[in-house]
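Commentary on secondary and tertiary structure
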2 protein chains.
Amino acid sequence: MYPQSLQTLIEQFRRLPGVGEKTAERYALMIAEQPEEDVRQFSEALVNVKTKLHRCPVCGNLTDGEECDVCKDKDRDRALIFVVQSPRDVTAMERTGEYQGLYHVLNGLISSSKGILPEDLNIDQLVERAKQAREVIIATSATMDGETTAMYLDRLLKKECPDLLVTRIAHGLPAGGMLDYADEITLSHALADRRAM
Amino acid sequence: MYPQSLQTLIEQFRRLPGVGEKTAERYALMIAEQPEEDVRQFSEALVNVKTKLHRCPVCGNLTDGEECDVCKDKDRDRALIFVVQSPRDVTAMERTGEYQGLYHVLNGLISSSKGILPEDLNIDQLVERAKQAREVIIATSATMDGETTAMYLDRLLKKECPDLLVTRIAHGLPAGGMLDYADEITLSHALADRRAM
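Just so you know, these numbers come straight off a predicted model, no measurement behind them.

**A look at the domain arrangement of chain A**
What the domain assignment lists for chain A is domain 1 (4–52) and domain 2 (75–172). Placing a centre on the C-alpha atoms of domain 1 of chain A and another on those of domain 2 of chain A gives a separation of 35 Å.

Set out below in structure tokens:
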């Protein structure tokens, strides 16, 4: 229905996560109305991500440089490793400004429903790094796959590094969360993990 | 927080309509994981839209060619003009397969809140085309701005082309619409525009 050039762009936008036909049309029509220079910058930003961005060889996070900024930072606690699913989780944690150790990005979670096995993830490297660490904090999501991965890593790390402290981030009521809106699993966690005031 | 190349792409995605920080991150991280060839095609599709796409000189719709496909089609009723706000409306109408006349795309609506005046729209050309037409169907949305524009065009066209039939698309209950969920304005329209069965 649309001219070929516009239809091609709509199909490209449709491949983004959660974008349907209507949204893709809206994006493409907005692009059609932008100044050419702006669209060229967008176009170059796409290619640059593929040519410049790669995984940090140490922790698996995304970086433009050789190693990522966290791994390069000599002021951070190098014996503490925070294990997450994806680069987004690193950014979320860095925003808190509270954490001074290193990260390890698994790039996925073990998932029977999606057929993702431990060998598909960045786990071997974690075991190597854990041998020099004091504590590994497992910070996968509080979902089925996140818990499965956490349990797998806990067992593996304790076997490979007997002296290592393996911890899991706390589960409980989120900030601003109201007791009567919380689900049973959250409340059970909040009760089980209660601490002295 | 993210590497520069990724951050730049996130900012580009944020400029799309309705895209916030989280969604832009999700889009950019998906791009980072796609094969380079796919991302290059996306990048080229963006630039192609700016270099190939332009407005049809007759009706104002978007086209890659000289005139748009509808204006070029000699089998269509050239004395019937369907007036819409945007190219998306043309596509929506063409999907019905019911309409055999031509279109006219205003590229906006008269809007006091957005400060859009009649001279900002593709209206002069509509008046010229209307002089050769039998009927002009005004199909702007059933919103405040859509109704304002419809009333303005009705008055202008009747003054400039006294023999022209000016019509407005029907307002009423949408397909699948339930009476008890319809708002009062829709119901008033549905009552006023009732027809013999």
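**Considering the interface of chain A and chain B**
Facing 51 residues of chain A, the contacting portion of chain B comprises 51 residues. Together chain A and chain B conceal approximately 5100 Å² of surface at their shared face, both sides included; 65% is due to carbon and sulfur atoms. A salt bridge links arginine 55 of chain A to glutamate 33 of chain B; the shortest N-O distance between them is 3.5 Å. Grouping the constituent residues of the side of chain A that touches chain B by class yields 24 nonpolar, 11 polar and 16 charged.

**Things to note about the nonpolar core**
Formed by 40 residues in total, the largest nonpolar core has its most connected members in Leu6 and Phe13 of chain A together with Leu6 and Phe13 of chain B. Every element with two or more residues in this core is listed here: helix H1 (4–14), helix H2 (21–33) and helix H3 (36–52) of chain A together with helix H1 (4–14), helix H2 (21–33) and helix H3 (36–52) of chain B. In this view, phenylalanine 13 of chain A contacts Val19, Ala24, Tyr27, Ala28, Ile31 and Phe42 of chain A together with Phe13, Leu16, Phe42 and Leu46 of chain B; residues no more than four positions away in its chain are not counted.

**A few points about the sheet that holds strand S5 (residues 135–138) of chain A**
All names here are of chain A. Ordered by their spatial adjacency, four strands build an open sheet running S4-S3-S5-S6, and the pairing between neighbours is parallel. Two strands in the sheet have a free side with no partner beyond their single neighbour: strand S4 (101–105) and strand S6 (165–168). Strand-to-strand twist in this sheet, taken as the mean axis angle between neighbours without regard to direction, amounts to 25°. Note: strand S3 (residues 77–84) against S5, four bridges, orientation parallel. Bridging from a neighbouring strand, leucine 80 pairs with glutamate 135 of S5. Running at roughly 170° to S6, helix H7 (residues 144–160) makes contact with S3, S5 and S6 of the sheet.

**So, the sheet that holds strand S3 (residues 77–84) of chain B**
All names here are of chain B. Pairing within the open sheet is parallel, and its four strands lie in the order S4-S3-S5-S6. In this open sheet, the two strands that pair with only one neighbour each are strand S4 (101–105) and strand S6 (165–168). Looking at each pair of strands side by side, their axes are set apart by 25° on average, direction ignored. Sheet strands touched by helix H5 (residues 87–96): S3 and S4. Its angle to S4, the strand with the most contacts, is close to 155°. Helix-sheet contacts for helix H7 (residues 144–160) involve S3, strand S5 (135–138) and S6, and the interaxial angle to S6 is about 170°.

**Examining the pattern of salt bridges**
Residue and element names in this part refer to chain B. Inspection of every chain in the model, using the stated rule, returns 24 salt bridges over all chains. Across the pair lysine 72 and aspartate 69 runs a salt bridge whose closest N-O atoms are separated by 3.8 Å. A residue pair is termed a helical-turn pair when its members lie 3 or 4 positions apart in one helix, as lysine 72 and aspartate 69 do in helix H4 (residues 69–72) at three residues. A salt bridge links arginine 134 to aspartate 77; the nearest nitrogen and oxygen atoms lie 2.9 Å apart.

**A closer look at the packing of aromatic side chains**
The geometry of an aromatic ring pair is captured by two quantities: the separation of the ring centres and the angle between the planes. Residue and element names in this part refer to chain B. Taken as a whole and assessed by the stated rule, the structure comprises 11 aromatic pairs over all chains. Ring centres 5.4 Å apart and planes at 75° place the aromatic pair phenylalanine 13 and tyrosine 27 in the edge-to-face group. In this pair, phenylalanine 13 is assigned in helix H1 and tyrosine 27 in helix H2, connecting sequence segments 14 residues apart. Owing to a relative accessible area of 0%, phenylalanine 13 belongs among the buried residues under this scheme. Judged by relative accessible area, tyrosine 27 falls into the buried class, the value being 3%. Relative to tyrosine 103, the ring of phenylalanine 82 lies with its centre 5.7 Å away and its plane at 80°, an arrangement referred to as edge-to-face.

**What to know about the environment of tyrosine 181 of chain A**
Residue and element names in this part refer to chain A. Its location among the elements puts tyrosine 181 in the loop between S6 and helix H8 (184–192). Judged by relative accessible area, which is 67%, tyrosine 181 ranks as exposed. Separated by 123 residues in sequence, tyrosine 181 and valine 58 place their C-alpha atoms 41 Å apart.

**Focus on the relation of the copies chain A and chain B**
Note on the identical chains: chain A maps onto chain B by a rotation of 180° and an axial translation of 0.0 Å, with an RMSD of 0.1 Å. Accordingly, the operation relating the two chain copies is best matched by a two-fold axis. Nearest to the rotation axis, the C-alpha of serine 43 of chain A is located 2.2 Å from it, this being the minimum over chain A. With an isologous cut-off of 70% or more, the 100% of interface residues of chain A that recur at the interface of chain B puts this contact in the isologous class.

Reading the values: rules and limits
Every chain is numbered on its own, with residues counted from 1 as its sequence reads. To read the labels, note that chains go from A and ligands from 1, taken in the order they are written. Local features in a predicted model are, by the rule used here, given only for residues with pLDDT of at least 70; side-chain atom pairs are given and counted only at 80 or more, and totals for whole chains, interfaces and linings are based on all residues. Computation of side-chain values: all heavy atoms of the structure, hydrogens and water removed. What marks off one domain from the next here is an automatic or database domain assignment. Pairs of residues are marked as contacts when any of their non-hydrogen atoms sit within 4.5 Å. A 1.4 Å probe defines the accessible area here, and the buried area is the portion of it lost by two parts on being joined, summed over both. Whenever a carboxyl oxygen of Asp or Glu lies within 4 Å of a side-chain nitrogen of Lys or Arg, that contact is scored as a salt bridge. Following the grouping adopted for this structure description, the nonpolar residues are Ala, Val, Leu, Ile, Met, Phe, Trp, Tyr, Cys and Pro, the charged ones are Asp, Glu, Lys and Arg, and the polar ones are all others, Gly among them. Remark: nonpolar core denotes a set of buried residues (Ala, Val, Leu, Ile, Met, Phe, Trp, Tyr, Cys) joined through side-chain atoms within 4.5 Å. Here the term buried applies to any residue with accessible area under 20% of the maximum for its type, exposed to any over 50%, and partly exposed to those in between, with areas from a 1.4 Å probe on protein chains only. Segments assigned H or I by DSSP are reported as helices when at least four residues long, segments assigned E as strands when at least two residues long, and all are numbered from the N terminus. Strands pair, by our definition, only if DSSP identifies at least two bridges between them. To obtain each axis, a line is fitted to C-alpha atoms, and for helices this fit is confined to the stretch in contact; angles are then taken between N-to-C directions over 0 to 180 degrees. Planes of paired rings set the category: under 30 degrees apart is stacked, over 60 is edge-to-face and the rest tilted, where pairs are Phe, Tyr or Trp rings (Trp by its six-membered ring) whose centres lie within 6.5 Å. Only residues with pLDDT of at least 70 in both copies contribute their C-alpha atoms to the least-squares superposition of the copies.

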